[in-house]
Amino acid sequence: MPPKTELDRFAIGLMVILCMTWGLQQVAVKVASAGISPLWQAGLRSLGAALLVWAWTGLRRIPLFERDATLVPGIAAGALFAAEFAFVYYGLQFTSASRGVIFLYTAPFFVALGARWLLPNESMRAAQWLGMALAFAGVLVLFGENLLRPAGQAWIGDLMMLVAAMFWAATTLTVKASVLNRAAAEKTLLYQLGVSAPLLLLAAVALGEPGVFAPGALVVGSLAFQTVMVAGISFLVWFWLVRQYPATRLSSFSFMTPVMGVLAGGLLLGEPLTPAVFAALLLVGAGIWVANRPA
């Protein structure tokens with residue numbers, strides 16, 4: 001399938017489903033944290049998903065070891081992927097999740113800036129910048145009040161989350177701008193998972209994390225959801241979309257994820273759903289619509 005310049009209904013529908021899945025992941029991470037420390041959780045998720053994707057490539061007979069010049073960019077993308085999650089999880093030791101998400105979701109802006117040099121065919125129009133600003137305003141409406149509260153050393157964690165956003169954007173740009181863009185989505189994902197799993201687990205050991213300390217049924221189930229649905233299926237769909245559609249337009253949908261996470265927390269964990277949640281959803285939806293209108 002030749003790459004497209006606009007998002008069609010199929011891509012939009014997939015992105016909405018992915019954002020809902022990634023929003024549910026926020027709930028799953030909270031639940032699993034009751035029995036598995038953060039970096040161990042991320043590392044085990046990558047390891048389990050790598051094994052699943054490996055089995056899937058075997059069933060479909062997808063070639064993985066042909067000489068296609070993907071090794072170097074693949075390892076680089078995997079290292080960037082691991083660095084993103086390391087900064088996210090370690091940054092949350094200093095700042096709150098509600099503060100950190102504001103800085104993490106600056107990633108689409110870094111993708112748009114990088115695309116100016118690396119993806120000249122995906123240059124952003126003024127309307128797209130406006131749409132992303134509207135969507136980011138929705139994130140600020142949802143979490144912005146936390147920026148005004150006294151936070152001590154939270155700036156350290158905020159800075160780490162900002163660096164994580166840069167790594168997130170760098171991963172997307174590496175996949176889109178390199179020969180990985182022509183490789184099978186399964187192979188691209190295996191690079192991400194296969195490189196990030198040992199790096200994250202080594203980082204967990206280096207930081208002295210306790211690992212799996214209370215493996216109850218709910219904890220194991222939450223990790224299984226992250227492994228199969230998030231790191232396995234949803235990331236595979238994401239990398240397929242990145243190959244076929246403009247990365248800048250796809251990235252604008254990521255603003256929907258934190259809102260979906262709050263909605264999922266309200267529905268599944270009984271967390272409060274304030275009017276700000278629905279105002280944020282309206283702003284994010286309007287921003288995505290503006291950013292993805294055809295020229």
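Chemist: So what exactly am I meant to see when it comes to the overall build of the protein chain here?
Modeler: Regarding its fold elements, the protein chain presents twelve helices and zero strands. Listing every helix and strand of the protein chain by position from the N terminus yields α-α-α-α-α-α-α-α-α-α-α-α. Expected size for 295 residues packed as a compact globule is a radius of gyration near 19 Å; at 18 Å, the protein chain falls within 12% of this value. If one aligns the C-alpha atoms of the protein chain with their principal axes, the spans along those axes are about 55 × 50 × 30 Å. In the protein chain, which comprises 295 residues, the proportion classed as buried is 53%. Contacts spanning at least 24 positions in sequence make up 91% of the contacts within the protein chain whose residues lie at least 6 apart. Taken as a whole, the protein chain presents about 13,600 Å² of accessible surface, with 72% of it coming from carbon and sulfur. Here the protein chain contributes 17 positive and 11 negative side-chain charges, whose respective centroids are spaced 6 Å apart.

Chemist: Explanation requested: the side chain of S178 in the structure shown.
Modeler: For S178, the position within the fold is in the loop between helix 7 (154-177) and helix 8 (185-206). For S178, a relative accessible area of 18% translates into the label buried. At 2.6 Å, the side chain of S178 and the backbone oxygen of T174 are in polar contact.

Chemist: What's the story with the nonpolar core in this structure? I'm lost.
Modeler: Generally speaking, nonpolar side chains in soluble globular proteins are found buried as a group. M15, F235, W238, L241, L250 and F255 are the most contacted members of the largest nonpolar core, which totals 68 residues. With eight residues, the top contributor of residues to this core is helix 9 (residues 217-244). Residues contacting W238, with those up to four places away along its chain left out, are M15, L18, W22, T172 and L250. Core analysis: the next-biggest nonpolar cluster, separate from the first, contains six residues, V111, L119, A169 and A247 among them.

Chemist: Looking at this structure, how should I read the pattern of salt bridges?
Modeler: On inspection of all chains with the given rule, the structure shows two salt bridges. Close ionic contact of R60 with E186 constitutes a salt bridge, the shortest N to O distance being 3.0 Å. Taken together, the positions of R60 in helix 2 (residues 38-60) and E186 in helix 8 put the pair 126 residues apart, joining distant regions of the chain.

Chemist: It is not clear to me how the packing of aromatic side chains should be interpreted in this structure. Could you clarify?
Modeler: Both the distance between ring centres and the angle between the ring planes are used here to describe each pair of aromatic rings. For the structure on display, the rule yields 13 aromatic pairs. Where F136 meets F255, the ring centres are 6.2 Å apart and the plane angle is 65°; that geometry is what we call edge-to-face. Of this pair, F136 sits in helix 6 (residues 126-143) while F255 sits in the loop between helix 10 (247-252) and helix 11 (256-269), and the two are 119 residues apart along the sequence. As far as the burial class goes, F136 and F255 line up, both buried. Counting every residue linked through ring pairs, the aromatic cluster contains W22, F81, F85, F235 and W238. Over the ring of F85 we find R45, and its NZ or CZ is 4.6 Å from the ring centre.

Chemist: In this structure, what is going on with helix 8? I would like to understand it.
Modeler: Within an α-helix, residues lying three or four positions from one another point in the same direction, as the helix has 3.6 residues per turn. Between the first and last C-alpha of helix 8 there are 32 Å, a value that for 22 residues agrees with the 32 Å anticipated at 1.5 Å per step. Trailing helix 8 by a residue or two, G208 shows a phi angle of about 75°, which is positive.

Chemist: Can you walk me through the packing of helix 3 (residues 71-91) against helix 8 in this structure?
Modeler: Between two packed helices, both the angle of their axes relative to each other and the distance between the axes serve to describe the pair. At a minimum axis separation of 7 Å, helix 3 and helix 8 run at an interaxial angle of 50°. Considered as vectors, helix 3 and helix 8 are oriented oblique to each other. As helix 3 packs across helix 8, the resulting crossing turns out to be right-handed. Across from L71, G74, I75, A77, G78, A79, F81, A82, F85 and A86 in helix 3, the residues of helix 8 making contact are Y191, Q192, V195, S196, L199 and L200. Across the contact of helix 3 with helix 8, the residue classes tally to twelve nonpolar, four polar and no charged.

Chemist: What should I look at first to understand the packing of helix 2 against helix 3 in this one?
Modeler: Taken N-terminus to C-terminus, the directions of helix 2 and helix 3 make an angle of 155°; their axes are 9 Å apart at the nearest point. In terms of orientation, helix 2 and helix 3 fall into the roughly antiparallel class. Relative to helix 3, the crossing made by helix 2 is right-handed. Between helix 2 and helix 3, the residues in contact are P38, L39, A42, R45 and S46 and F81, F85, A86 and Y89, respectively. Of the residues in the contact of helix 2 with helix 3, the class split is seven nonpolar, one polar and one charged.

Chemist: How should the environment of Q41 be read in this particular structure?
Modeler: Turning to its location among the elements, Q41 is positioned in helix 2. Among the residues examined, Q41 registers a relative accessible area of 0% and is labelled buried. Taking the C-alpha atoms as reference points, Q41 and P294, separated by 253 residues in sequence, lie 40 Å from one another. If we ignore the near neighbours within four places in the chain, the residues touching Q41 are A28, V29, A32, S33, I36, L223 and Q226.

How each quantity is defined
- Residues numbered from 1 in each chain as written.
- Predicted model: local features only at pLDDT ≥ 70, side-chain atom pairs only at ≥ 80, totals over all residues.
- Heavy atoms only, no water.
- Helix = DSSP H or I, 4+ residues; strand = E, 2+ residues; numbered from the N terminus.
- Rg over C-alpha atoms; globule rule 2.2 N^0.38 Å.
- Buried < 20%, exposed > 50% of the residue type's maximum accessible area, 1.4 Å probe, protein only.
- Contact = heavy atoms within 4.5 Å.
- Areas by Shrake-Rupley, 256 points an atom, 1.4 Å probe, with all protein chains shown as cover.
- Lys, Arg positive; Asp, Glu negative; His and termini not counted.
- Charge placed at Lys NZ, Arg CZ, Asp CG, Glu CD.
- Polar contact = N/O pair within 3.5 Å; in protein donor to acceptor, adjacent residues only side chain to side chain.
- Core = buried A, V, L, I, M, F, W, Y, C linked by side-chain atoms within 4.5 Å.
- Salt bridge = Lys/Arg side-chain N within 4 Å of Asp/Glu carboxyl O.
- Phe/Tyr/Trp six-rings, centres within 6.5 Å; stacked < 30°, edge-to-face > 60°.
- Lys NZ or Arg CZ within 6 Å of the ring centre and 35° of its normal.
- Expected span 1.5 Å × (residues − 1).
- Axes fitted to C-alpha atoms, helices over the stretch in contact; angles between N-to-C directions.
- Parallel < 35°, antiparallel > 145°, perpendicular 65-115°, else oblique.
- Left-handed = near helix turned anticlockwise from the far one by under 90°.
- Nonpolar A, V, L, I, M, F, W, Y, C, P; charged D, E, K, R; others polar.

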